[in-house]
Amino acid sequence: MTKVSTLPRDFLVLGLLLLPGAWMCTHAFAREAGRIKVSKGDVQIERNGKLMAAPVGAVIDVADTVKTGADGSVGITFHDNSLLSAGPHSELVIERFVFDSTTHQGEFDTRLKKGTLAVVSGKIVKQSPEAMRIKTPAAIMGVRGTEFIVKVDEPATN
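Residues numbered from 1 in each chain as written. Predicted model: local features only at pLDDT ≥ 70, side-chain atom pairs only at ≥ 80, totals over all residues. Heavy atoms only, no water.

Undergrad: How should I be thinking about the pairing of strand E3 (residues 50-53) in this particular structure?
TA: Put simply, side chains in a regular strand alternate between the two faces of the sheet. Sheet analysis places strand E2 (residues 43-47) next to E3, joined by 4 bridges and oriented antiparallel. Following the sheet pairing, Gln-44 is matched in E3 by Ala-53. What sits between E2 and E3 in their antiparallel hairpin is a turn of 2 residues, with Asn-48 showing a positive phi close to 55 degrees. (Pairing = 2+ DSSP bridges. Helix = DSSP H or I, 4+ residues; strand = E, 2+ residues; numbered from the N terminus.)

Rendered as structure tokens:
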């Protein structure tokens, strides 16, 4: 009687059982939210307390702060096809970005500390209108529409 080895089959079964867990780990640690599509003048990304240049193609991660100087402007495309553009003297924090490309479910929270922000919402808002929020020093806006502009003036100094 010849014994057929089941070793390859056992590895295949084990691999199939581990595959969903590996995907979840990769997905859970993926922090990339989008990429810079337009960068003019002084534009920087603050990540983990360090400033870095923000050229076209640079990755924007969750928790990044995008800063523009007096001559700076930036356009960012996010994975759900949302477009955010910040003008001069702006500070924008990407607080939360979660997006499922299959269901288009997700959440998108940003904070505009100062400056101007133009937004064209993407698939997250089309799927769940309440899923995108823009925070400012004075208010939190739930995004229901598709295009809008926000301006936060710097506080007056005495």
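Undergrad: Help me out: how do you make sense of the packing of aromatic side chains in this one?
TA: How two aromatic rings sit relative to each other is given by the distance of their centres and the angle of their planes. Under the defined criterion, the tally for this structure stands at 4 aromatic pairs. Measuring from centroid to centroid gives 4.9 Å for Phe-97 and Phe-108, while their planes differ by 90 degrees, and the two rings are edge-to-face. One end of the pair, Phe-97, is in strand E8 (residues 91-99); the other, Phe-108, is in strand E9 (residues 106-120), and 11 residues separate them in sequence. Taking the relative accessible area as the measure of exposure, Phe-108 reaches 1% and is therefore buried. Three or more aromatic residues joined by ring pairs form one cluster here, namely Phe-78, Phe-97, Phe-99 and Phe-108. (Phe/Tyr/Trp six-rings, centres within 6.5 Å; stacked < 30°, edge-to-face > 60°. Buried < 20%, exposed > 50% of the residue type's maximum accessible area, 1.4 Å probe, protein only.)

Undergrad: Looking at this structure, how should I read the pairing of strand E7 (residues 83-86)?
TA: Judged by which residues are buried, E7 turns out to be one-sided: Leu-84 and Ala-86 face inward and are buried, whereas Leu-83 and Ser-85, on the alternate face, are not. Examined bridge by bridge, strand E6 (residues 73-78) and E7 share 4 bridges and lie antiparallel to one another. Bridge pairing in E7 links Val-74 to Ala-86. The loop that links E6 with its antiparallel partner E7 comprises 4 residues; one of these, Asn-81, has a positive phi angle of about 75 degrees. In the sheet, E7 pairs with E9 via 4 bridges, with the strands oriented antiparallel. Along E9, the bridge assignment pairs Ala-86 with Leu-117.

Undergrad: Can you help me understand the pattern of salt bridges in this one?
TA: A side chain of one charge can pair with a side chain of the opposite charge if their charged atoms are brought near each other. This structure, assessed with the given rule, holds 11 salt bridges. Put simply, Glu-91 and Lys-113 hold a salt bridge, and the shortest N to O gap is 3.9 Å. In this pair, Glu-91 sits in strand E8 while Lys-113 sits in strand E9, placing the two residues 22 residues apart along the sequence. Notably, a salt bridge pairs Arg-111 with Glu-95, separated by 2.5 Å at the nearest N-O pair. Of this pair, Arg-111 sits in strand E9 while Glu-95 sits in strand E8, placing them 16 residues apart in sequence. What makes Arg-111 partly exposed here is its relative accessible area of 29%. We classify Glu-95 as partly exposed; its relative accessible area is 27%. (Salt bridge = Lys/Arg side-chain N within 4 Å of Asp/Glu carboxyl O.)

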